[in-house]
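# A look at the structure
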Amino acid sequence: MPANCMRRLVLAGIVLGISAYTAAAAQTLDLIAQKGTIRIGYISDEAPFSFKKKDGNPTGYAIDLCGKIADAVGAKVANLKRDYIETTLADGFDAVKSGQVDLLCGALTINLGRRQNVDFSQPIFLTGASALLRKDSPDYLKVLFLDKMPTQVSARQAPATNTIGVRADTTTGATLREALGPDIPKTRIAEFATHQDGLTALEDHKIDAYFADRALLFDLATHAHKPAALVIGNRLFTHEPYGIALRKDDSAFRLLVDQTLTETFQSDDFSKLLTSYFGEEGPLLRREIMMQSIPQ
């Protein structure tokens, strides 16, 4: 084949490759403008970050922040509609990666493993993993998850076998195994589809503790049949920054998201938002979030 023909074929291949890449890398704002809709994915059992109201509509701290982002997009895209798409934690990141949703809202820990598939906003919340226990849970679990033993405990030692629950498809399972270490080899880890399932198992004595991010445990305990029979661990085993997930390699959209969040964090309404979901801890949480936020 003549050299000039070969060069033409190579150039044609390069052009086709660039065209295909450009189509695949269409920016999020352009796609939203084409559809006239921003698609907000949410996980429905992560109160107070994302959950359903009695009327079935989504709400929560992360949902409200995603709403602020939608407002900012609406300033660029006329007559913007919002489509809230319920998903699971397992499927949510794939939905972002495949372009089925533009934002994923919930109690989403930012880590390097997840960032191989999606990008994240700047942190919207900071917490850590601990456990929800019954007051009659084994003493060794109280030692593990509480800074000090309760004043009244039984003389029971760890049973032959015992179980700690975790939410499936979260980062906490591996953390729990590290926390238990080799000294407690007979502790079984059980996975649950929802946090509510874990709470039910704890109250029914099917597990001895439920391990999750402490911010979620506070809300979960309020839904117990007997909240006074439960205690929340005060030892943290992880550093868990939460963020909003979005498509990779879209710096323009990520910048809009982070600008909107910083403006929200600096506004007078942000304290009210935190207090509405986290009560008297709101002012302390605001200081922690502000210290981690990206300045203007």
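Please refer to the structure placed before this passage.
Overview of the structure. (Residues numbered from 1 in each chain as written. Predicted model: local features only at pLDDT ≥ 70, side-chain atom pairs only at ≥ 80, totals over all residues. Heavy atoms only, no water.)

This part is about helix α3 (residues 61-74). It helps to recall that an α-helix has 3.6 residues per turn; residues three or four apart then point in one direction. The terminal C-alpha atoms of α3 lie 20 Å apart, and with 14 residues this matches the ideal 20 Å at 1.5 Å per residue to within 8%. Listed in full, the buried residues belonging to α3 are Tyr61, Ala62, Ile63, Leu65, Cys66, Gly67, Ile69, Ala70 and Val73. (Helix = DSSP H or I, 4+ residues; strand = E, 2+ residues; numbered from the N terminus. Expected span 1.5 Å × (residues − 1). Buried < 20%, exposed > 50% of the residue type's maximum accessible area, 1.4 Å probe, protein only.)

What follows deals with empty space enclosed by the protein. Taken as a whole and judged by the stated rule, the model has one cavity of 30 Å³ or more. Reported here for the largest cavity is a volume of approximately 120 Å³. Residue lining of the largest cavity: 15 residues in total, with Ala107, Thr109, Thr170, Asp213 and Leu216 positioned closest to the centre. Here the element with the most residues in the lining of the largest cavity is strand β12 (residues 209-213); it accounts for three residues. Considering only residue class, the lining of the largest cavity consists of six nonpolar, five polar and four charged. (1 Å grid on protein atoms, 1.4 Å probe; cavity = no way out; pocket = protein on both sides within 12 Å on 5 of 7 lines; lining within 4 Å. Points joined across faces, edges and corners; volume = space filled by probe spheres on them. Nonpolar A, V, L, I, M, F, W, Y, C, P; charged D, E, K, R; others polar.)

For the rest of this paragraph, the subject is the pattern of salt bridges. Here the structure, examined in full by the defined rule, presents eight salt bridges. As a salt-bridge pair, Glu46 and Arg167 come within 3.8 Å of each other at their nearest N and O atoms. Of this pair, Glu46 sits in strand β2 (residues 45-46) while Arg167 sits in strand β10 (residues 162-167), and the two are 121 residues apart along the sequence. This pair shows no difference in class: Glu46 is buried, exactly as Arg167 is. Of the charged contacts in the structure, one is a salt bridge between Asp71 and Arg82, with a shortest N-O distance of 2.2 Å. (Salt bridge = Lys/Arg side-chain N within 4 Å of Asp/Glu carboxyl O.)

Our focus in this paragraph is the nonpolar core. Nonpolar side chains tend toward joint burial in soluble globular proteins. Residues Phe49, Tyr61, Val73, Leu103, Ile124 and Phe125 are the most contacted members of the largest nonpolar core, which totals 38 residues. Put simply, the parts of the chain that give this core at least two residues each are α2 (28-35), β1 (37-43), α3, β6 (103-105), α8 (214-222), α9 (251-266), α10 (269-278) and α11 (282-292). For this core, the element with the most residues is α3, which contributes eight residues. Every residue in contact with Leu103, bar those within four places of it in the chain, is listed here: Ile38, Arg39, Ile40, Gly41, Cys66, Ile69, Ile244, Ala245, Phe253 and Val257. Counting 15 residues, the second-largest nonpolar core is a separate cluster that includes Leu202, Ala212, Ala221 and Leu230. (Core = buried A, V, L, I, M, F, W, Y, C linked by side-chain atoms within 4.5 Å. Contact = heavy atoms within 4.5 Å.)

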